[in-house]
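Residue-level listing of the chains:
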Amino acid sequence: MANGSRQAAWEFFGTELKRRREEAGFTQSDLGSRVFVSGGYIGQFEQAIRKPQLDVAQRIDGVLQTEGFFERLWRKLIKEQPYTYFAHVVELERLATSICDFAPTVVPGLLQTPEYARALYLASKPLASEAYIEEMVRARMDRAPILQDATRPVYWAVLHETALRVPVGGPAVMAAQLEHIAAMIRERMVLVQVLPFSAGAHPTMGKMMTLMEFEDAPPTAYTEGVLSGNLLDDPAVVKRIQGYYDLLRGAALSPEASLALIESVAEDYRRCASTT
């Protein structure tokens, strides 16, 4: 099933949920209280921004007396749609009150410069057309303004030192990328810590992850592998990942020491670029 049809299927789920809820005479808050989530969370299901957990779909069936309709639809969609969550992650970023990223090898998307993003896309698709590369870079850059809005989420990133040292795009691109991060830190737009090589082993070796919190919905976590991603809502799983993130922050350099390292590495790249 293509991404467009997958999204359409979840929109159908949301449309049916809204229709049957209204037929039963419930507001979003009414239904939410009966299935143990917030009314805002029900609204996100209806807009196909978030997907309910199985037990929530089952409770919706019970409250709306839909004879297992939403459970059956949920099982069908989940079975047919593994690893299709990143479009939803982008939507959730816009709703989040807090975003915490851990990046083991590359700079997170919300912090990337266009030149850095371009180098990453070219590395993964060296034969792609210029139009395709430009479209992908533009899509990534379109996410960045959420960190500039007055209502921007609290953004906290832990970058492994590897992300600073791998020369994506060459010295000039890396110098500009790290200077961009340093400027965002100094403007108090983001909090960034660096996990140094000297920290050794850590709980999420080689695995990127994002944690998001919301005003009126439970927190969620996103993890990513090669051509795959998982958006996780299970409270026990999210709590465990939050524990991993706390360990990473504890092992990382302080924000002040991290900024000093980022600026030092940027200066090294800038000197290298000026001599080539």
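About the thresholds
- All residue numbers here refer to positions counted from 1 along the written sequence of the relevant chain.
- Side-chain atom pairs in this predicted model are given and counted only at pLDDT of 80 or more, local residue features only at pLDDT of at least 70, and totals for whole chains, interfaces and linings cover all residues.
- Side-chain metrics rest on all non-hydrogen atoms present in the structure, leaving aside hydrogens and water.
- Note on conventions: DSSP H or I runs of at least 4 residues are helices, E runs of at least 2 residues are strands, and numbering of each starts at the N terminus.
- Think of it in three bands: with a 1.4 Å probe and only protein chains considered, a residue is buried below 20% of the maximum accessible area for its type, exposed above 50%, and partly exposed in between.
- Contacts are assigned to residue pairs with any non-hydrogen atoms lying within 4.5 Å of each other.
- Surface accessibility follows the Shrake-Rupley procedure with a 1.4 Å probe radius. Residue values consider only the protein chains on display as shielding.
- Charged residues are defined narrowly, with Lys and Arg counted positive, Asp and Glu counted negative, and His plus the chain ends left uncounted.
- To locate a charge, take NZ of a lysine, CZ of an arginine, CG of an aspartate or CD of a glutamate.
- The criterion for an aromatic pair is that two Phe, Tyr or Trp rings (for Trp, the six-membered ring) have centres within 6.5 Å, with stacked assigned to planes under 30 degrees apart, edge-to-face to planes over 60 apart and tilted to the rest.
- Lysine and arginine charges are scored as sitting over a ring when NZ or CZ, respectively, is within 6 Å of the ring centre and within 35 degrees of the ring normal.
- Within a predicted model, pLDDT stands for the predictor's per-residue confidence, ranging from 0 to 100.
- Expected helix span is taken as 1.5 Å per residue step, with the number of steps being one fewer than the number of residues.
- Criterion used throughout: strands pair if DSSP finds at least two bridges between them.

Attention shifts here to the overall build of the protein chain. When you go through the protein chain residue by residue, the secondary structure sums to 12 helices and 6 strands. Seen through its C-alpha atoms, the protein chain measures out along the principal axes to roughly 70 × 45 × 35 Å. Looking at the 276 residues of the protein chain, the share that counts as buried comes to 46%. Considering only contacts within the protein chain whose residues lie at least 6 apart along the sequence, 73% involve residues at least 24 apart. As displayed, the protein chain offers around 13800 Å² of accessible surface, 56% of which is attributable to carbon and sulfur atoms. Counting 29 positive and 34 negative side-chain charges, the protein chain places the centres of these two groups 3 Å from one another.

On the secondary structure map, Ser98 appears in strand β1 (residues 98–103). On the basis of relative accessible area, Ser98 is assigned to the buried category, the value being 14%. When residues no more than four places from it in sequence are discounted, the contact partners of Ser98 are Pro153, Val154, Leu211, Met212 and Glu213.

A word on the packing of aromatic side chains. For the structure shown, the criterion picks out 4 aromatic pairs. Between the aromatic rings of Trp10 and Phe13, the centroid separation amounts to 5.5 Å while the plane-to-plane angle is 50°, which identifies the pairing as tilted. On the criterion of helical spacing, the pair formed by Trp10 and Phe13 is a turn pair, its members being 3 residues apart in helix α1 (residues 3–23). Ring geometry for Tyr41 versus Phe45: centroids 4.7 Å apart, planes at 45°, classification tilted. Placement of both Tyr41 and Phe45 in helix α3 (residues 39–46) is noted, with a separation of 4 residues, approximately one turn of the helix. What makes Tyr41 buried here is its relative accessible area of 2%. Since its relative accessible area comes to 1%, Phe45 is described here as buried. Through a chain of ring-to-ring contacts, the aromatic side chains of Trp10, Phe13, Phe69 and Phe70 assemble into a single cluster. When the ring centre of Phe69 is taken as reference, the NZ or CZ atom of Arg20 above it lies at 4.1 Å. Positioned above the aromatic ring of Trp156, the side-chain terminus of Arg249 is 4.5 Å from the ring centre.

What follows deals with the confidence of the model for the protein chain. The predicted coordinates ought not to be read in detail in places where the model reports low pLDDT. Within the protein chain, residue pLDDT values average 89, and 93% of them lie at 70 or more. Across the protein chain, element-level confidence peaks in strand β3 (residues 191–195) with a mean pLDDT of 98 and bottoms out in strand β6 (residues 228–232) with 77.

Bringing helix α10 (residues 171–186) into the picture now. The terminal C-alpha atoms of α10 lie 22 Å apart, and with 16 residues this matches the ideal 22 Å at 1.5 Å per residue to within 8%. Residues of α10 that are buried include every one of Val173, Met174, Ala175, Gln177, Leu178, Ile181, Ala182, Met184 and Ile185, and no others. On its buried face, α10 is in contact with α7 (114–124), β2 (154–160), α9 (161–165), β3 and α12 (255–274). Trailing α10 by a residue or two, Arg188 shows a phi angle of about 60°, which is positive.

To continue, consider the pairing of β1. The buried count for β1 comes to 6 of 6 residues, which makes it a mostly enclosed element. Burial along β1 is two-sided: Ser98, Cys100 and Phe102 and Ile99, Asp101 and Ala103, pointing in opposite directions, are all buried. Relative to strand β4 (residues 208–213), β1 runs antiparallel, the two sharing 5 bridges. Bridging across to β4, Phe102 finds its partner in Met209.

This brings us to unusual backbone geometry. In the Ramachandran plot, Phe36 falls in the positive-phi region, its phi being about 70° despite a non-glycine side chain. Tracing the chain through its elements places Phe36 in the loop between α2 (28–35) and α3. Phi angles above zero are rare outside glycine, and Arg188 is one such case at about 60°. With respect to the helices and strands, the residue Arg188 is situated in the loop between α10 and β3.

With that out of the way, let us pick up the environment of Pro108. Residue position: Pro108 is located in the loop between β1 and α7. We classify Pro108 as buried; its relative accessible area is 8%. As a C-alpha pair, Pro108 and Asp234 span 126 residues in sequence and 24 Å in three-dimensional space. Residues in contact with Pro108, not counting those within four places in the same chain, are Asp101, Ala103, Tyr155 and Leu159.

Mapped onto the secondary structure, Leu261 falls in helix α12. Of the residues examined, Leu261 reaches a relative accessible area of 18% and is grouped as buried. A C-alpha to C-alpha distance of 9.5 Å links Leu261 and Pro196, two positions 65 residues apart in sequence.

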